[in-house]
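Coordinate inspection notes
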Amino acid sequence: MDKLIITGGTALDGEIRVSGAKNAALPVLAAALLTDEPVTVCNLPHLKDITTMLELLGCLGVESIVDETMNVEVRAGGIRRLKAPYDLVRTMRASILVLGPLVARNGYAEVALPGGCGIGSRPVDLHLRGLAAMGADVEVEGGYIKVRTASRLKGARLFLDTVTVTGTENLMMAATLAEGETLIENAAREPEVVDLAECLIRMGADIEGHGTGTVRIRGKERLGGCTHAVLSDRIEASTYLVAAAATRGRIRLKEVEPALLEQVLAKLREAGAQISCGPDWIELDMQGERPRAVNLKTAPYPGMATDVQAQFTALNAVASGTGIITETIFENRFMHVLEMTRMGACIDVSGSSAVVKGVESLKAAPVMATDLRASASLVIAGLVAKGDTLIDRIYHIDRGYECIEEKLRQLGACIHRVPG
Ligand code: EPZ
């Protein structure tokens, strides 16, 4: 297993490009299952999760042609298999995104039931209840979700008890080919949901209200192909901004949408960062100063993303003062805290809150990545720690951060991959 070695202590300084968003690209690739015409997806990040999704589509009989700029043309004309096997689902929970499109277009799908994961139990009951309300028969047997419908799915009024991102995406995709109108209430408003809706509209879907809590979809008999460029990755962008702030450095991000990062930029300003933005760039400068600790509470968009919580925990760990981080989305998303404590951080977890008392500096230690964003937070901790931090199990990082060592080296960091 590859490891990362980071020699901490350098203030980040430089410019990098933000990649396409993993969590927008995955549903967009799944949406290609809704049509037999080619869908070309541009600005795809070069990541393990994207390869896994292409592998899953391939095992359903979908052809994908990758060109030299990493644009992928997906052709789902000859679907041969309607089953997402356990081996793929267990490596990537987002495999569940093929369920809605397969049932809507092919009348049947089997997807291995995703288990819990490092950050919580993560049920998919709302995806299944939504499909059942649209007239599908849903059963779970032998560890597989089996969904069938004898005729077209029927439009329905769906109220989601909890705001769910992939749940909203799955049901929105299913509804595009259903008979009649579907109303998804308490829908997720995340920019990645909006990006998917825009792709579906390009494919001919009739969708209104995406980006609000109520999405209205009028089903069509068929959808066609399109070309869609996925939006930039706001979580990747946030991770590098927080890393620059924690190291008292400077950074310029290009190919980013500042409007999608308002909450994060406000927190970073509170932490003492000077920030300026243009239409597609963001600059952050700490002017060599130590960050101030911030309080934050995660919430569905437009609230503070749970996917940046661990990174802010790392920032608070070396900030002046004490900050309270409260996680409201997942029940077990503080795995990074124990690892940071091994590096000298002073953090007490009580229920869903972590009270982080900033220390002057962290000390390098061997640590273990437990999930994608926890890994990113350990990289930040390594960047600010004295000595060489060795991060194990970095396959988590490769699932969601494109060329992380190259990008950090471009910013002046001393980071190396040790093949395992
Ligand atoms: C998406 O996961 C993201 N993944 C996650 O990103 C992100 O952390 C999460 O949304 C929250 O923003 C992708 O987009 C591929 P949810 P998702 O359904 O859709 C509960 C990363 O690091 N819930 O919005 O799986 C659930 O348990 C990842 O990139 C139900 O109770 O998350 C959780 O408490 C990790 N029943 C809450 O809703 C359901 O049927 C939100 O989860 C579905 C969800």
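You'll find the structure just up there.
Below is a summary of the structure that appears in this document. (Residues numbered from 1 in each chain as written. Predicted model: local features only at pLDDT ≥ 70, side-chain atom pairs only at ≥ 80, totals over all residues. Heavy atoms only, no water.)

1. A word on the layout of surface pockets
Each pocket or cavity is described by its volume, and for the second largest pocket that value is around 170 Å³. Along the walls of the second largest pocket sit Gly-9, Thr-10, Ala-11, Ala-246, Thr-247, Arg-248, Val-318, Glu-360, Ser-361, Leu-383, Val-384 and Lys-386, which together make up its complete lining. Taken together, the residues that form the lining of the second largest pocket break down as five nonpolar, four polar and three charged. (1 Å grid on protein atoms, 1.4 Å probe; cavity = no way out; pocket = protein on both sides within 12 Å on 5 of 7 lines; lining within 4 Å. Points joined across faces, edges and corners; volume = space filled by probe spheres on them. Nonpolar A, V, L, I, M, F, W, Y, C, P; charged D, E, K, R; others polar.)

2. What to know about helix H11 (residues 335-342)
Buried within H11 we find His-336, Val-337, Glu-339 and Met-340. Mapping the buried residues of H11 onto a view down its axis gives an arc of 165 degrees, with all of them on the same face. Contacts made by the buried residues of H11 are with helix H10 (309-317), strand S20 (346-350), strand S22 (366-368) and helix H12 (372-384). Note on H11: the residue one or two positions beyond its end, Gly-344, has a positive phi of about 100 degrees. (Buried < 20%, exposed > 50% of the residue type's maximum accessible area, 1.4 Å probe, protein only. Helix = DSSP H or I, 4+ residues; strand = E, 2+ residues; numbered from the N terminus. Arc of directions from axis to C-beta. Contact = heavy atoms within 4.5 Å.)

3. Things to note about helix H1 (residues 22-31)
By the criterion of burial, H1 is predominantly enclosed, with nine of the ten residues buried. Of all the residues in H1, the buried ones are Lys-22, Ala-24, Ala-25, Leu-26, Pro-27, Val-28, Leu-29, Ala-30 and Ala-31.

4. A few points about the site of the ligand
For the ligand, the set of nearby residues contains 21 residues, the closest of which are Leu-126, Thr-164, Thr-166, Asp-307 and Ile-329. Asp-125 has a polar side-chain atom sitting 2.7 Å from a nitrogen atom of the ligand. At a separation of 2.7 Å, an oxygen atom of the ligand approaches a polar backbone atom of Leu-126. Every element with two or more residues in the shell around the ligand is listed here: H1, helix H5 (125-133), helix H6 (165-176) and H12. In terms of residues, the shell around the ligand owes the most to one element, H5, which gives three residues. Each residue belonging to the shell around the ligand can be placed in one class, and the counts come to nine nonpolar, six polar and six charged. (Near = heavy atom within 4 Å. Polar contact = N/O pair within 3.5 Å; in protein donor to acceptor, adjacent residues only side chain to side chain.)

5. Considering the environment of Glu-169
Here Glu-169 lies in helix H6. Along the backbone, Glu-169 and Ala-30 are 139 residues apart, and their C-alpha atoms lie at a distance of 9.9 Å. Excluding anything up to four places from it in sequence, Glu-169 contacts Asn-23, Pro-27, Leu-97, Glu-192, Val-193 and Leu-196.

6. Thoughts on the pairing of strand S13 (residues 214-218)
Here S13 shows a buried face lined by Val-215 and Ile-217 and an unburied face lined by Thr-214, Arg-216 and Arg-218. Bridge analysis of strand S11 (residues 181-185) against S13 gives five bridges, and the strand direction is antiparallel. The residue of S13 that forms the bridge with Ile-184 is Val-215. Here strand S12 (residues 206-208) pairs with S13 via three bridges, running antiparallel. When the bridges of S13 are listed, Asp-206 appears paired with Arg-218. Between the antiparallel neighbours S12 and S13 lie five residues, among them Gly-209 with a positive phi of about 85 degrees. (Pairing = 2+ DSSP bridges.)

7. As for unusual backbone geometry
Geometrically, the link from Tyr-301 to Pro-302 is a cis peptide bond, its omega value of 10 degrees lying close to zero. For Pro-302, the position within the fold is in the loop between strand S18 (296-297) and H10. Positioned with a positive phi, Asn-186 is a non-glycine residue whose angle comes to about 60 degrees. Note that Asn-186 resides in the loop between S11 and helix H7 (191-202). Take Asn-186: its relative accessible area is 26%, and that puts it in the partly exposed class. Residue Glu-255 is not a glycine yet carries a positive backbone phi of 55 degrees. By secondary structure assignment, the location of Glu-255 is in the loop between strand S15 (250-254) and helix H9 (262-270).

8. Details of the packing of aromatic side chains
This structure, assessed with the given rule, holds zero aromatic pairs. Looking at Lys-83, its charged tip hangs above the ring of Tyr-144, at a distance of 4.6 Å from the centre. (Phe/Tyr/Trp six-rings, centres within 6.5 Å; stacked < 30°, edge-to-face > 60°. Lys NZ or Arg CZ within 6 Å of the ring centre and 35° of its normal.)

9. Quick word on the sheet that holds strand S23 (residues 388-392)
With mixed pairing, four strands are arranged side by side in an open sheet as S22-S23-S1-S24. In the strand order of this sheet, the two ends are held by S22 and strand S24 (414-418), each with one partner. This sheet shows a mean twist of 20 degrees between the axes of neighbouring strands, independent of strand direction. Here strand S1 (residues 3-7) runs beside S24; their pairing, made up of five bridges, is antiparallel. Considered in S24, the bridge of Thr-7 is made with Cys-414. Contacts between H12 and the sheet are confined to S1, S22 and S23, with S1 contributing the most and set at about 30 degrees to the helix. (Axes fitted to C-alpha atoms, helices over the stretch in contact; angles between N-to-C directions.)

10. Describing the sheet that holds S18
Strand pairing in a sheet relies on backbone hydrogen bonds, with the paired strands running either antiparallel or parallel. Judged by pairing direction, the sheet is mixed, and its four strands sit side by side in the order S18-S19-S21-S20 without closing on themselves. Here the strands that pair on one side only, and so sit at the sheet edges, are S18 and S20. Across two bridges, S18 lies against strand S19 (residues 322-326) in parallel orientation. The residue bridging Leu-296 from the neighbouring strand is Ile-325, located in S19.

11. Details of empty space enclosed by the protein
Sizing a probe to match a water molecule and rolling it over the atoms shows the empty space that remains. Scanning the model with the defined rule gives two cavities of 30 Å³ or more in all. Each pocket or cavity is described by its volume, and for the largest cavity that value is around 60 Å³. At the level of elements, helix H8 (234-246) and H9 are the ones that each hand at least two residues to the lining of the largest cavity. Partitioning the lining of the largest cavity into residue classes produces seven nonpolar, three polar and one charged. Taken together, Thr-239, Tyr-240, Ala-243, Ala-376, Val-379, Ile-380, Leu-383, Ile-404 and Leu-408 form the lining of the second largest cavity. Going through the elements one at a time, H8, H12 and helix H14 (404-410) are the ones with two or more residues in the lining of the second largest cavity.

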